[in-house]
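Listed here are the chains, written in short residue letters.
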Amino acid sequence: MKIREGRPPSYIIIFDALISIILCIYALSSKVVIYAPYYKEKFLASELANRYFNEIREYRNKIGIPIDQVNDPAGSGLIGHQITPITTEFGDLTAKLTSINPNFAALFVTYLKKLKVKENDFVAVHLTGSFPALNLCLLAALTTLKLRPIIITSVGSSMWGANIPGFTYLDMESFLYQNGLIKFKTAYSSYGGIDDVGRGLTLEGREIITRTIARNGTILIKANSLEESIDTKLKLYDKETQGHPIKCFINIGGNAAVIAGVEVPSGLLTERYSDHPGLIGAFLRRNIPVINIQNINALAKRYKLPVAPSYIQKPGEGKLFTEIRYSTKAAFLSLVLILLLLAFSLIVDVDFYMKKLLRRFK
């Protein structure tokens, strides 16, 4: 075979370029779906959370509380009012809309699996009325993984949360419990608000919360200060586990006993925050990991979930479940073929053989 001498002809360069482009297009169009770890558990939890959403919406319609389609464009029924007697503080409507996503249940599964929790493990849970949708997502994750939560809930809510008297988070939870959709419920409740003792609420607001707690069969935590509230809640968690180890502490919202005025990041917290003055630090000092959920919009962006959409995302959609990647096999095959083609064109005098072949047909 004749070895090339000099520069390759233009038509060979053009031919090589066209074949290379075709192979590149083939590699770029060859995509594969990669399923995330624990895909099955995540999907089941998200489906269950979506069912909870639907059940609560129907419950709200049944008891005759209208849904504000302007402030709740998805018609979820999980957005409250701006101001009510049990509203404790300012709340961001954008964050509340972002939270109405059943796929947050998959995020809870992700965190819990990272902590290697197992069926029937005890977990300490602290909820508020501020993010009822996230509370429901957590219930779905706990149910799917068959964990044993000890739940304490502060009933008061920030703006746009579960702040409607007669339709608080405790009412939603009790509805699910009474209809057999969950097998556990809040054991103890506090007022919430400043210092977690109801400060900042009116007398009417505190009375509404007191009646709500009694109506839903939970026990009111009576404390006179923030320090007493923190200490009491910690002791109640220990009491309810009856000596069994607590595998993690999960917080949703900004309850004063949990946060104690010191903001911390959302997500899995490490011993770096063990000097925190609230319940977060108390558990970390015991070497019990903490899952903290507060900055909802930041979490949504981190995990590619929609921010304040006008719809409810379908269960199983997004980065938490699957990821589209280019096929490494297709890319490798294309690269090898391109290199062989270039090597052949540079080393072998294709032009010489092409002209020789054409002369035979003349």
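Only a predicted model underlies this, so the values are computations on that prediction, with no experimental measurement involved.

If you tally the helices and strands in the protein chain, you get 13 helices and 11 strands. Principal-axis analysis of the C-alpha atoms places the extent of the protein chain at approximately 105 × 45 × 35 Å. When the 362 residues of the protein chain are sorted by exposure, 51% land in the buried category. For the protein chain, the share of sequence-separated contacts (at least 6 apart) that also reach a separation of at least 24 residues comes to 80%. Within the structure as shown, the protein chain displays about 17900 Å² of accessible surface, and the carbon and sulfur contribution to it stands at 58%. Averaging the coordinates of the 43 positive side-chain charges in the protein chain and doing the same for the 30 negative ones gives two points 10 Å apart.

Here the focus is the sheet that holds strand S10 (residues 290-293). If you walk across this open sheet you meet the seven strands as S7-S6-S3-S2-S8-S10-S9, and the pairing is mixed. In this open sheet, the two strands that pair with only one neighbour each are strand S7 (219-220) and strand S9 (267-269).

Before going further, it helps to spend a moment on the pairing of strand S8 (residues 246-252). Here S8 lies mainly inside the structure; six of its seven residues are buried. Where strand S2 (residues 122-128) meets S8, four bridges bridge the pair, whose relative direction is parallel. When the sheet's bridge partners are listed, Phe-122 is paired in S8 with Ile-246. Relative to S10, S8 is paired through four bridges, and the arrangement is parallel.

With a phi angle near 60°, Lys-304 is a residue other than glycine that sits in the positive phi range. On the secondary structure map, Lys-304 appears in the loop between helix H11 (296-302) and strand S11 (322-326). The phi dihedral of Ala-308 is positive, around 50°, even though this residue is not glycine. Relative to the helices and strands, Ala-308 resides in the loop between H11 and S11.

On to helix H4 (residues 104-114), then. H4 sits mainly inside the fold: nine of its 11 residues count as buried. The complete set of buried residues in H4 reads Phe-104, Ala-105, Ala-106, Leu-107, Phe-108, Val-109, Thr-110, Tyr-111 and Leu-112. Phi turns positive, to about 60°, at Lys-116, one or two residues after H4.

Enumeration according to the criterion identifies nine aromatic pairs in this entry. Ring centres 6.3 Å apart and planes at 85° place the aromatic pair Tyr-111 and Tyr-303 in the edge-to-face group. Note that Tyr-111 is positioned in helix H4 and Tyr-303 in the loop between H11 and S11, a separation of 192 residues in sequence. Tyr-111 gets classed as buried once you look at its relative accessible area, which sits at 2%. Taking the relative accessible area as the measure of exposure, Tyr-303 reaches 15% and is therefore buried. The interplanar angle of 10° and the centroid separation of 4.4 Å between the aromatic rings of Phe-249 and Phe-283 together place this pair among those described as stacked. Of this pair, Phe-249 sits in strand S8 while Phe-283 sits in helix H10 (residues 279-284), and the two are 34 residues apart along the sequence.

A few words now on empty space enclosed by the protein. All told, the structure shown has one cavity of 30 Å³ or more when counted by the stated rule. For the largest cavity, the calculated volume is near 50 Å³. Along the walls of the largest cavity sit Asp-72, Pro-73, Ala-74, Leu-97, Ile-100, Pro-309, Tyr-311 and Ile-312, which together make up its complete lining.

Further remarks concern the side chain of Arg-60. Position of Arg-60 among the secondary structure elements: in helix H2 (residues 39-62). Here Arg-60 occupies a buried position and makes no salt bridge, while the nearest side chain of opposite charge, Asp-72, is found at 5.3 Å. Setting aside anything within four residues of it in sequence, one finds Arg-60 in contact with Ile-65, Pro-66, Ile-67, Gly-77, Leu-78, Ile-79, His-81, Ile-164 and Phe-167.

Below, the discussion takes up the nonpolar core. Of all hydrophobic cores here, the largest spans 62 residues; its most connected members are Tyr-52, Leu-112, Leu-136, Leu-142, Ile-250 and Ile-293. The element that contributes the greatest number of residues to this core is helix H5 (residues 132-144), accounting for nine residues. Those residues in contact with Leu-142 that lie beyond four places of it in its chain are Leu-112, Val-123, Val-125, Leu-147, Pro-149, Phe-184 and Ile-250. Ranked by size, the runner-up nonpolar core spans 28 residues in total, among them Ala-124, Tyr-188, Phe-249 and Val-264.

Criteria and thresholds
Residues numbered from 1 in each chain as written. Predicted model: local features only at pLDDT ≥ 70, side-chain atom pairs only at ≥ 80, totals over all residues. Heavy atoms only, no water. Helix = DSSP H or I, 4+ residues; strand = E, 2+ residues; numbered from the N terminus. Buried < 20%, exposed > 50% of the residue type's maximum accessible area, 1.4 Å probe, protein only. Contact = heavy atoms within 4.5 Å. Areas by Shrake-Rupley, 256 points an atom, 1.4 Å probe, with all protein chains shown as cover. Lys, Arg positive; Asp, Glu negative; His and termini not counted. Charge placed at Lys NZ, Arg CZ, Asp CG, Glu CD. Pairing = 2+ DSSP bridges. Phe/Tyr/Trp six-rings, centres within 6.5 Å; stacked < 30°, edge-to-face > 60°. 1 Å grid on protein atoms, 1.4 Å probe; cavity = no way out; pocket = protein on both sides within 12 Å on 5 of 7 lines; lining within 4 Å. Points joined across faces, edges and corners; volume = space filled by probe spheres on them. Salt bridge = Lys/Arg side-chain N within 4 Å of Asp/Glu carboxyl O. Core = buried A, V, L, I, M, F, W, Y, C linked by side-chain atoms within 4.5 Å.

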